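# Survey of secondary and tertiary structure
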Amino acid sequence: MTIAPDLTANEALRAVRLSLRMSQDDMARALRKAGVEAGEPNDANKRLVQRWEGGTTRVPRPVYVRALEKVTGLPIESLGFALPVMIRLRDDGAGGHDLAPGADGVAPASADAETAARTAGRAHYAGVWLSRYEFYSSGRGQTFAGAHYVVLVQNDNRLTGQSLPGASSRPDSALSLDLTVDGNVITGTWVEQTATDGYYAGARYHGAVQLLAEPTGRRMAGKWVGFGKDFDVNTGPWELIFKEASTSKETVERYSRRPE
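Just so it is clear, the structure is predicted and the values come from calculations on it, not from any experiment.

### Regarding the pattern of salt bridges
Within the structure shown, the criterion is met by eight salt bridges. For D178, the salt bridge goes to R158, with nearest N and O atoms at 2.6 Å. Here the residue D178 occupies a position in strand β6 (residues 174–182), and R158 occupies one in strand β5 (residues 158–168), the gap between them amounting to 20 residues.

### So, the side chain of N10
Tracing the backbone shows N10 in the segment before α1 (11–19). At 3.3 Å, the side chain of N10 and the backbone nitrogen of A12 are in polar contact. For N10, the side chain forms a polar contact with the main-chain oxygen of G80, separated by 3.4 Å. With sequence-adjacent residues up to four places away left out, N10 is seen in contact with W52, E53, G55, R58, L79, G80 and F81.

### A look at the environment of A44
Positionally, A44 belongs in the loop between α2 (24–37) and α3 (46–54). As for A44 and A30, which are separated by 14 residues in sequence, their C-alpha atoms are 8.9 Å apart. Discounting residues that sit within four places of it in the chain, A44 has contacts with A28, L31, R32 and Y64.

### A look at the side chain of S163
Within the secondary structure, S163 is located in strand β5. Contact partners of S163, with chain neighbours within four places excluded, come to H148, Y149, V150, S173, A174 and L175.

### Side note on the confidence of the model for the protein
When the pLDDT values of the protein are averaged, the result is 79; 77% of them are 70 or greater. Across residues 85–89, where pLDDT falls below 50, the model places 14 contacts with residues more than four positions away in sequence or in other chains. Throughout residues 97–121 the model reports pLDDT below 50, and contacts reaching past four residues in sequence, or to other chains, amount to 33 contacts.

### A closer look at the packing of aromatic side chains
This structure, assessed with the given rule, holds nine aromatic pairs. Each ring, one from W52 and one from F81, has its centre 5.8 Å from the other, and the planes form 85 degrees; the classification is edge-to-face. Here F81 lies in the loop between α4 (62–72) and β1 (89–91) and W52 lies in helix α3, a separation of 29 residues in the sequence. In this structure, W52 and F81 share a single accessibility class: buried. Put simply, the rings of Y133, F135, W190, W224 and W238 pair up and form one aromatic cluster.

Reading guide: rules and limits
- Residues numbered from 1 in each chain as written.
- Predicted model: local features only at pLDDT ≥ 70, side-chain atom pairs only at ≥ 80, totals over all residues.
- Heavy atoms only, no water.
- Salt bridge = Lys/Arg side-chain N within 4 Å of Asp/Glu carboxyl O.
- Helix = DSSP H or I, 4+ residues; strand = E, 2+ residues; numbered from the N terminus.
- Polar contact = N/O pair within 3.5 Å; in protein donor to acceptor, adjacent residues only side chain to side chain.
- Contact = heavy atoms within 4.5 Å.
- pLDDT = per-residue confidence, 0-100.
- Phe/Tyr/Trp six-rings, centres within 6.5 Å; stacked < 30°, edge-to-face > 60°.
- Buried < 20%, exposed > 50% of the residue type's maximum accessible area, 1.4 Å probe, protein only.

Written out as structure tokens, the structure reads:
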């Protein structure tokens, strides 16, 4: 009797590819282009992408890891791949080397390695995001949308965000976020400082927000809650859409503009 290999499809990579509106051929071309631009040409093709998504290949070579991170804007840990198991060798005193002691000849992981293993599956959300929310204005009897480009900085399970200069749908409105990540649940607080010469005359609003992150790590959606000017509690939809993982000076300057 032949036993089929236990293959687990890489749904995370497939979801990211589809979110980028790419076919498997498109992704292969993008990977080859990223390799050329980085000075590391690769031979990515549709069949390779199929092997990754089907689970046949669980650990891509380093040249493909770097290309995948460039094309998707996500760390390899967020793309559903298994990380390689590192083994250690020691001098056997006779001109050769043996495996360091440990289960099945694999050396016990160091504290740093154990920490890395525990956090390997944690999503990374640092980068530039488009923040959008809706609110009802009782004074104007209408529902409005607010949008900002924000930079998220991640420290372990803590996310802090700040809108970029001039990157608001309402001139001179500044948004800040203080969030905690628990699995795919993101919870925290928000503060918005409105423009002094705008409709809200420099009023400072604040409240709470809870979002659910999609498996791709490229979108968070949920609800905000906060107080209105009449001391009533309001709520509405809020979403964050991933734009770029880079927070370089060039990237920040590119997004320091009014959201489209």
